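The primary structure of each chain is shown beneath.
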Amino acid sequence: MFAQIPTTDAAAVPAEAALLDVREQDEWDAGHVDGALHIPIGQVVARLGELPDEKLYVLCRVGGRSAQVVQYLVQQGRDAVNVDGGMYAWEGAGRPMVSSTGQQAFVL
């Protein structure tokens, strides 16, 4: 279904990459990548102008929502990559996360 969507493993995302997190606010608050841009999937089209011009690595919880966003961005001529496995894979790869609550970050 997402065969033509550019995809990468969480462990392969460059440390200084531009990250777009398309999860909902409660998911973001529980745990996210520090420095990532947060635009919930339902707001991406309306907020397209907020995205940086560089290559975007798109995250959600497991990769389904982010794959939809990557498909849309690629259709718009943007350079975007789906992070396979989403935040679960990010956490599993030992990549750093923070929470908005000050508590230990986790994937919701």
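The coordinates are above.
This is a predicted model, so every value here is computed, not measured. (Residues numbered from 1 in each chain as written. Predicted model: local features only at pLDDT ≥ 70, side-chain atom pairs only at ≥ 80, totals over all residues. Heavy atoms only, no water.)

1. Structural notes on the overall build of the chain
Step number 1: Looking only at helices and strands, the chain has three helices and five strands in total.
Step number 2: When the backbone C-alpha atoms are referred to their principal axes, the chain occupies close to 40 × 25 × 25 Å.
Step number 3: For the chain, buried positions account for 44% of its 108 residues.
Step number 4: At a minimum sequence separation of 6, the contacts of the chain that also span at least 24 residues come to 65%. (Helix = DSSP H or I, 4+ residues; strand = E, 2+ residues; numbered from the N terminus. Buried < 20%, exposed > 50% of the residue type's maximum accessible area, 1.4 Å probe, protein only. Contact = heavy atoms within 4.5 Å.)

2. Here's the deal with the pattern of salt bridges
Step number 1: Applying the stated criterion across every chain, the model contains four salt bridges.
Step number 2: Ionic pairing is found between Arg61 and Glu27, a salt bridge with its closest N-O pair at 2.8 Å. Of the two residues, Arg61 sits in the loop between strand E4 (56-59) and helix H2 (64-75) while Glu27 sits in helix H1 (residues 25-30), which places them 34 residues apart along the sequence.
Step number 3: For Arg65, the salt bridge is made with Glu27, and the minimal N-O distance between the two is 2.9 Å. Taken together, the residues Arg65 in helix H2 and Glu27 in helix H1 connect sequence positions 38 residues apart.
Step number 4: A cluster of three or more residues bridged by salt bridges with shared partners is formed by Glu27, Arg61 and Arg65. (Salt bridge = Lys/Arg side-chain N within 4 Å of Asp/Glu carboxyl O.)

3. What to know about the sheet that holds strand E2 (residues 18-21)
Strands in a sheet are paired, the pairing made by backbone hydrogen bonds, and the direction either parallel or antiparallel.
Step number 1: The parallel open sheet is built from five strands, whose spatial order is E1-E5-E4-E2-E3. Of all strands in the sheet, those with a lone pairing partner are strand E1 (7-9) and strand E3 (37-38), marking the two edges. (Pairing = 2+ DSSP bridges.)

4. Some points on the side chain of Arg95
Step number 1: As for its position among the elements, Arg95 is in the segment after helix H3 (86-92).
Step number 2: The buried charged residue Arg95 lacks any salt bridge partner; its closest oppositely charged side chain belongs to Glu16, at an N-O distance of 8.6 Å.
Step number 3: From its side chain, Arg95 meets the backbone oxygen of Val13 in a polar contact 3.0 Å long. (Lys, Arg positive; Asp, Glu negative; His and termini not counted. Polar contact = N/O pair within 3.5 Å; in protein donor to acceptor, adjacent residues only side chain to side chain.)

5. Some words on the nonpolar core
Step number 1: Formed by 16 residues in total, the largest nonpolar core has its most connected members in Val13, Leu19, Val33, Tyr57, Leu59, Met87 and Trp90.
Step number 2: Looking at this core, the elements with two or more residues in it are E4, strand E5 (80-84) and H3.
Step number 3: Trp90 has contacts with Ala10, Val13, Leu19, Val33, Leu59, Arg95, Pro96 and Met97, leaving out every residue within four places of it along the chain.
Step number 4: In terms of nonpolar packing, the next biggest core, distinct from the first, is built from 15 residues, Ala18, Val44, Leu56 and Ala80 among them. (Core = buried A, V, L, I, M, F, W, Y, C linked by side-chain atoms within 4.5 Å.)

6. Quick notes on the packing of aromatic side chains
Step number 1: In total, this model carries zero aromatic pairs according to the counting rule given.
Step number 2: Residue placement shows Arg95 over the ring face of Trp90; its charged tip is 4.3 Å from the ring centre. (Phe/Tyr/Trp six-rings, centres within 6.5 Å; stacked < 30°, edge-to-face > 60°. Lys NZ or Arg CZ within 6 Å of the ring centre and 35° of its normal.)

7. Here's the deal with the side chain of Arg23
Step number 1: On the secondary structure map, Arg23 appears in the loop between E2 and H1.
Step number 2: Polar contacts involving the side chain of Arg23 include one to the side chain of Asp21, which spans 2.8 Å.
Step number 3: Look past the residues within four positions of Arg23 in its chain and what remains in contact with it is Trp28, Gly31, His32, His38, Pro40, Leu59, Cys60, Arg61, Arg65 and Met87.

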